[in-house]
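# Observations on the three-dimensional arrangement
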Amino acid sequence: MSRPTIAAVARAAGVSVASVSRVLNGLPATEEMAERVRRAVADLAYVPDSRARSLKVGRTFQLTLAVADVGNPVYVTMMRAVEEVVSAAGYRLVVTTTGPDVVDEVALVRGMARGYADGLVISPLRVDDDLIKSIQECDVPVVVAGNVPARAGVDTVRANSPKGILLAVEHLLTTKRHKVAFVNGPVDTVPGTARAKGFTDAMKTNNLKPVAQVEADDFTFAAGREAGRRLLDQLGLGAAAPSGASAPGQQALPGAEGARAPGEQASSPSSFPAAAGGGVDAVIAANDLLAVGVMHELAARGLRVPDDVAVIGMDDSELAEQTFPPLTSVNLGSAERGRRAAELLLARIEDDTRTPRRIVVQPSLSVRRSS
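Residues numbered from 1 in each chain as written. Predicted model: local features only at pLDDT ≥ 70, side-chain atom pairs only at ≥ 80, totals over all residues. Heavy atoms only, no water.

## Some details on empty space enclosed by the protein
Evaluation of the coordinates by the stated rule reveals one cavity of 30 Å³ or more. A volume near 30 Å³ is recorded for the largest cavity. Residue lining of the largest cavity: Asn-72, Pro-73, Val-74, Asn-287, Asp-288, Leu-289, Met-314, Asp-315, Ser-317 and Leu-319, and that is the complete set. Put simply, the parts of the chain that give the lining of the largest cavity at least two residues each are helix H5 (73–88) and helix H11 (288–300). Tallied by class, the residues present in the lining of the largest cavity amount to five nonpolar, three polar and two charged. (1 Å grid on protein atoms, 1.4 Å probe; cavity = no way out; pocket = protein on both sides within 12 Å on 5 of 7 lines; lining within 4 Å. Points joined across faces, edges and corners; volume = space filled by probe spheres on them. Helix = DSSP H or I, 4+ residues; strand = E, 2+ residues; numbered from the N terminus. Nonpolar A, V, L, I, M, F, W, Y, C, P; charged D, E, K, R; others polar.)

## Here we look at the environment of Val-190
For Val-190, the location among the structural elements is in helix H9 (residues 190–205). For the pair Val-190 and Arg-126, spaced 64 residues apart in the sequence, the C-alpha separation amounts to 5.6 Å. The contacts of Val-190, once residues within four sequence positions are left out, are Pro-124, Leu-125, Arg-126, Val-127 and Asn-147. (Contact = heavy atoms within 4.5 Å.)

## Focus: the pattern of salt bridges
One pass over the structure, following the stated rule, counts 22 salt bridges. Between Asp-155 and Arg-354 there is a salt bridge whose closest N-O contact spans 3.7 Å. Here the residue Asp-155 occupies a position in strand S5 (residues 155–159), and Arg-354 occupies one in the loop between helix H13 (334–350) and strand S11 (358–361), the gap between them amounting to 199 residues. For the pair shown, Asp-155 and Arg-354 are each scored as buried. Salt-bridge contacts for Arg-368 lead to Glu-321; the nearest nitrogen and oxygen are separated by 3.5 Å. Of this pair, Arg-368 sits in the segment after strand S12 (364–366) while Glu-321 sits in helix H12 (residues 319–322), placing them 47 residues apart in sequence. Its relative accessible area of 18% is what places Arg-368 among the buried residues. Overall, Glu-321 belongs to the exposed group, its relative accessible area being 58%. (Salt bridge = Lys/Arg side-chain N within 4 Å of Asp/Glu carboxyl O. Buried < 20%, exposed > 50% of the residue type's maximum accessible area, 1.4 Å probe, protein only.)

## Focus on the side chain of Ser-334
By the secondary structure assignment, Ser-334 is in helix H13. One polar contact links Ser-334 to Arg-337, side chain to side chain, over a distance of 3.2 Å. Setting aside residues no more than four positions away along its own chain, Ser-334 makes contact with Val-74, Thr-77, Met-78 and Asp-315. (Polar contact = N/O pair within 3.5 Å; in protein donor to acceptor, adjacent residues only side chain to side chain.)

## A few points about the pairing of S11
Of the two faces of S11, the one holding Ile-359 and Val-361 is buried and the one holding Arg-358 and Val-360 is not buried anywhere. Examined bridge by bridge, S5 and S11 share four bridges and lie parallel to one another. Paired with Arg-158 across the strands is Val-360, a residue of S11. (Pairing = 2+ DSSP bridges.)

## Notes on helix H10 (residues 221–235)
The terminal C-alpha atoms of H10, which comprises 15 residues, lie 21 Å apart, in line with the 21 Å expected from a rise of 1.5 Å per residue. Every buried residue of H10 is listed here: Ala-223, Gly-224, Arg-225, Ala-227, Gly-228, Leu-231 and Leu-232. Looking at the buried residues of H10, the elements they touch are strand S6 (180–184), strand S7 (212–215), strand S8 (282–285) and H11. Immediately beyond the C-terminal end of H10, within one or two residues, lies Gly-236, with a positive phi of roughly 70°. (Expected span 1.5 Å × (residues − 1).)

## With respect to H5
The first and last C-alpha atoms of H5 sit 23 Å apart over 16 residues, in line with the 22 Å expected at 1.5 Å per residue. Turning to H5, its buried residues are Pro-73, Val-74, Tyr-75, Met-78, Ala-81, Val-82, Val-85 and Val-86. Looking at the packing, one finds that the buried side of H5 touches strand S1 (62–67), strand S2 (92–97), strand S4 (142–145), H11, H12 and H13. The opening residue of H5, the one whose side-chain oxygen lies 3.0 Å from the backbone nitrogen of Val-74, is Asn-72. Of the residues trailing H5, Gly-90 is marked for its positive phi of about 90°.

## Re a negative patch on the surface
There is a patch of like negative charges on the surface, built from Asp-69, Glu-215, Asp-217 and Asp-218. On the secondary structure map, Asp-69 appears in the loop between S1 and H5. (Patch = residues over 30% accessible without salt bridge, like charges linked within 9 Å, V, L, I, M, F, W, Y side chains within 5 Å. Areas by Shrake-Rupley, 256 points an atom, 1.4 Å probe, with all protein chains shown as cover. Lys, Arg positive; Asp, Glu negative; His and termini not counted. Charge placed at Lys NZ, Arg CZ, Asp CG, Glu CD.)

## Some remarks on the sheet that holds S5
The parallel open sheet is built from six strands, whose spatial order is S2-S1-S3-S4-S5-S11. The outermost strands of the open sheet, each flanked by one partner alone, are S2 and S11. Strand-to-strand twist across the sheet, computed as the mean angle between neighbouring axes with direction ignored, equals 15°. On top of the sheet, helix H6 (residues 102–111) reaches S1, S2 and strand S3 (119–122); it is set at about 165° to S3, its chief contact. (Axes fitted to C-alpha atoms, helices over the stretch in contact; angles between N-to-C directions.)

## Some thoughts on unusual backbone geometry
The omega angle of the peptide bond from Val-305 to Pro-306 is 5°, so this bond is cis rather than trans. Here Pro-306 is to be found in the loop between H11 and strand S9 (310–314). With omega at -5°, the peptide bond leading from Phe-324 into Pro-325 counts as cis. With respect to the helices and strands, the residue Pro-325 is situated in the loop between H12 and strand S10 (328–331). Here the phi dihedral of Ala-45 falls at roughly 55°; this positive angle occurs in a residue that is not glycine. With respect to the element layout, Ala-45 can be found in the loop between helix H3 (31–44) and helix H4 (50–55). Positive phi, close to 50°, is recorded for Phe-61, a residue that is not glycine.

This is the structure:
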C-alpha cells in the first residue's frame with residue numbers, strides 16, 4: 001500500500017496543497033482550515049517524508065517569474081497579475097531577468113535545482129531543444145508564458161499574435177489606409193516569428209502587399225528608433241532632422257529628438273515632405289516600444305501621426321496611453337496570460353500528474369489617436 005501524499009491530504013481536507021503546507025509548517029491559517037487539515041492528516045495517517053523533502057524543492061512558499069527584460073512594460077503588467085494570484089495562495093514572487101539569449105534561459109531553469117523556489121513561470125524570448133529539455137527535467141513545476149512545441153509536454157499560456165496583427169490591418173483598412181509597413185523585432189525570437197507570419201498572412205488575407213518590412217535588432221525603444229530610421233530612408237521619406245529640430249507647425253513628441261525648445265528656429269521646410277505621399281500611410285510595429293521609437297523618428301522628419309502616417313503597436317502596455325498622440329495598440333492579454341500562468345503553476349504544484357494544458361489568450365484592439 002502506497003503511503004499517503006500531501007496532495008491526498010489536500011483532497012481529503014478540501015483545501016489546496018499550499019494550504020496544507022501552511023498548516024504543517026505552522027504558518028498563519030484560519031482555525032477552520034487548520035482543523036480540517038489536522039483531521040485529514042490523522043485520518044490518512046500521513047507522515048511527512050523528510051527524505052523526500054530534502055531531495056525535492058518545497059517549503060519555500062516562493063515562486064519565480066523569469067522574463068527577458070523586467071523594464072519592458074508588458075512584463076510589468078504580467079508580473080503584477082502573477083503576483084496577485086500567487087500571493088493570494090500564500091506565496092512570495094521573485095522576478096528575474098533572463099536576457100535575450102537562450103543559453104541564459106537554460107541556465108536559469110537548471111538553477112531551479114538549488115531550491116530557492118517551489119515553481120517557475122518563464123516567458124522565453126527564444127526557444128531551442130536545450131531549453132525544452134531543461135524544462136522537462138526541471139526539479140520544480142514549470143509553466144511557459146509563451147509558445148513551445150506541444151511535444152514539450154508542459155503547461156503553456158500564449159498570445160494569439162497573428163490574430164492581433166489581423167485586427168490591426170483590418171482597422172487600418174477601415175480608415176482608408178492601404179500602404180502598410182511593418183517593423184518587427186528579431187525574427188529568431190518567439191514573438192518575432194509569430195508576428196512576422198501574422199503580418200504576412202493578414203496582408204494576403206486582405207489582398208495587400210507590404211510597402212516595406214524592417215527587422216529591429218531588439219524589442220526596445222532605441223531599436224525601434226533605429227528601425228524607423230532605416231524604414232523611412234528606404235522609402236525616401238524626408239531627411240532626418242537635426243537634433244533639437246522639428247518641422248514647421250509640427251508638435252514633436254515629448255522627449256523626441258525632433259523636439260525644439262521655445263523660440264528655437266525650425267529647420268528649412270524643404271527638408272521635410274508635407275505628407276507621406278505614395279510611400280507609406282501606416283506602420284505596424286511588433287510591440288509598443290518599437291512603435292514609440294518609430295513615432296519619434298517620424299516626428300524628427302516632420303511627419304505627423306496620424307495625419308501623414310498612422311502607427312499601431314502591440315501589447316497595449318501602459319506606455320500606449322502615455323505617448324503623444326496616444327498609441328493604438330493590439331492588446332495581447334498580458335494580464336490575463338499572467339493570471340492563467342500563475343493558476344496553472346499552482347495547480348501543477350498541487351497535482352504534478354495533471355495533463356498539461358495549452359491555453360491561448362485572444363487579442364483585442366485598443367484604438368487611440370495614433371491611427
